[in-house]
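Survey of secondary and tertiary structure
Here is how the chains run, residue by residue.
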Amino acid sequence: MPKLPREFYQQEDVVSVAKQLLGKMLFTNIEGVLTGGIITETEAYDGVVDKACHAYGGRNTNRTVTMFLAGGVTYVYLCYGIHHLLNVVSGKEGNPQAVLIRAIEPTLGIETMLLRRKMEKLAPRITAGPGALSQALGIGKQLNAKSLSADEIWIEEFTNYQETEIVATTRIGVAYAEEHALWPFRFYVKGNKFVSKPNS
DNA sequence: TTCCCGATTTACT
DNA sequence: GTAAATCGGGAAA
């Protein structure tokens, strides 16, 4: 399937991008080893007006500068000193919006993922959760600010879900963002097992 | 330079 | 259900 075009990432509405990313295929090519799967869970971070966003209020630093790039690149950073989290930067240059990829359903390179996760057999938790996902795909800071049009990490067309198949709810781990923590910016595929929190 | 804390996961009670 | 692990970024001084 073809890679998503640059225009896809540069849509103005990050919430729309987050929803459309569900059902797309995410791949990484780490030193020639391919792994990938179907995106099942995302979260939107809406730039300067979103207290949960690292670039809230226009904060532009060595880390967050990546989010100000034009849509279509990765934003990877370390959280809790342990976990790498993968985001897709969206919107126009200067507008620091991003979509956190929280979970995928593995389809390619499952053996490699099992090795990286030190697991013996396939279970949803292998890629359910942003830290786990990054580990399974071999994502680290070396993949920060990479173009999604190149051949190290990219996203391909696959499926489009209807609104009725998508669940919108509150984001996770952002209680510090006060009232913005209540924004329904987390999206996942209804009924899918590869989601970072118990399904309903 | 110092101090505080986080877009989490995992192990253990 | 609860807690520990662990380190870089951001803000203050």
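Structural data are supplied above this passage.
Residues numbered from 1 in each chain as written. Chains lettered and ligands numbered in written order. Predicted model: local features only at pLDDT ≥ 70, side-chain atom pairs only at ≥ 80, totals over all residues. Heavy atoms only, no water.

With that settled, the discussion passes to the overall build of chain A. The secondary structure content of chain A amounts to 4 helices and 8 strands. Counted from the first residue to the last, chain A has its helices and strands arranged as α-α-β-β-β-β-β-α-α-β-β-β. Against the 2.2 N^0.38 benchmark of 16 Å for 200 residues, chain A shows a C-alpha radius of gyration of 15 Å, consistent with a compact globule. Seen along its three principal axes, the alpha-carbon backbone of chain A occupies a region of about 45 × 35 × 35 Å. Within chain A, buried positions represent 50% of all 200 residues. When contacts within chain A are restricted to residue pairs at least 6 apart in sequence, long-range pairs at least 24 apart make up 61% of them. Counting every atom, chain A has about 9300 Å² of accessible surface; 54% of that belongs to carbon and sulfur. (Helix = DSSP H or I, 4+ residues; strand = E, 2+ residues; numbered from the N terminus. Rg over C-alpha atoms; globule rule 2.2 N^0.38 Å. Buried < 20%, exposed > 50% of the residue type's maximum accessible area, 1.4 Å probe, protein only. Contact = heavy atoms within 4.5 Å. Areas by Shrake-Rupley, 256 points an atom, 1.4 Å probe, with all protein chains shown as cover.)

Once that is clear, we can look at helix α3 (residues 110-117). Of the positions making up α3, those classed as buried are M113, L114 and R117. Along the long axis of α3, the arc covered by the buried residues comes to 100°, so they all point the same way. More than 90 degrees from the buried face of α3, the exposed residues found are E111 and L115. Where α3 is buried, its residues contact β2 (33-46), β5 (97-108) and α4 (130-137). (Arc of directions from axis to C-beta.)

Counted under the stated rule, the structure contains 8 salt bridges. Across the salt bridge formed by E41 and R186, the nearest N and O atoms sit 2.6 Å from each other. Taken together, the residues E41 in strand β2 and R186 in strand β8 (residues 186-189) connect sequence positions 145 residues apart. Like R186, E41 is buried. (Salt bridge = Lys/Arg side-chain N within 4 Å of Asp/Glu carboxyl O.)

Attention shifts here to the protein's contact with DNA strand B. Neighbouring residues of DNA strand B: 22 residues in total, closest H83, N87, R117, G173 and Y176. Counting only the atoms of DNA strand B within 4 Å of the protein, the fraction contributed by sugar and phosphate is 52%. A distance of 3.0 Å separates a base nitrogen of DNA strand B from a polar side-chain atom of H54. Within the contact set of DNA strand B, a phosphate oxygen lies 3.2 Å away from a side-chain nitrogen or oxygen of R125. Taken together, the elements giving at least two residues each to the surface near DNA strand B come down to β3 (74-79), β4 (83-90), β5 and α4. Among the residues forming the surface near DNA strand B, the class breakdown is 12 nonpolar, 7 polar and 3 charged. (Near = heavy atom within 4 Å. Polar contact = N/O pair within 3.5 Å; in protein donor to acceptor, adjacent residues only side chain to side chain. Nonpolar A, V, L, I, M, F, W, Y, C, P; charged D, E, K, R; others polar.)

Now for the pairing of strand β1 (residues 25-30). Of all 6 residues in β1, 5 are buried; the element is thus mostly enclosed. Of the strand pairs in this sheet, β1 and β2 are connected by 6 bridges, and their pairing is antiparallel. Paired with T28 across the bridge in β2 is T35. Linkage of β1 to β2, two consecutive antiparallel strands, is achieved through a turn of 2 residues, within which E31 is found at a positive phi near 50°. Bridge count for β1 against strand β6 (residues 153-156) is 4 bridges, and the pairing is antiparallel. When the bridges of β6 are listed, M25 appears paired with E156. (Pairing = 2+ DSSP bridges.)

Moving on, we get to helix α2 (residues 14-21). Among the residues of α2, V14, V15, V17, A18 and L21 are the ones counted as buried. Angularly, the buried residues of α2 cover 160° about the axis, an arc narrow enough to put them on a single face. Tucked inside the fold, the buried residues of α2 contact α1 (6-9), β2, β4, β5, β6 and β8. Of the residues flanking the start of α2, the one acting as N-cap is D13, its side-chain oxygen 3.0 Å from the backbone nitrogen of V15. Remark: G23 follows α2 within two positions and exhibits a positive phi of approximately 90°.

Just geometry here; none of it tells us what the structure is for.
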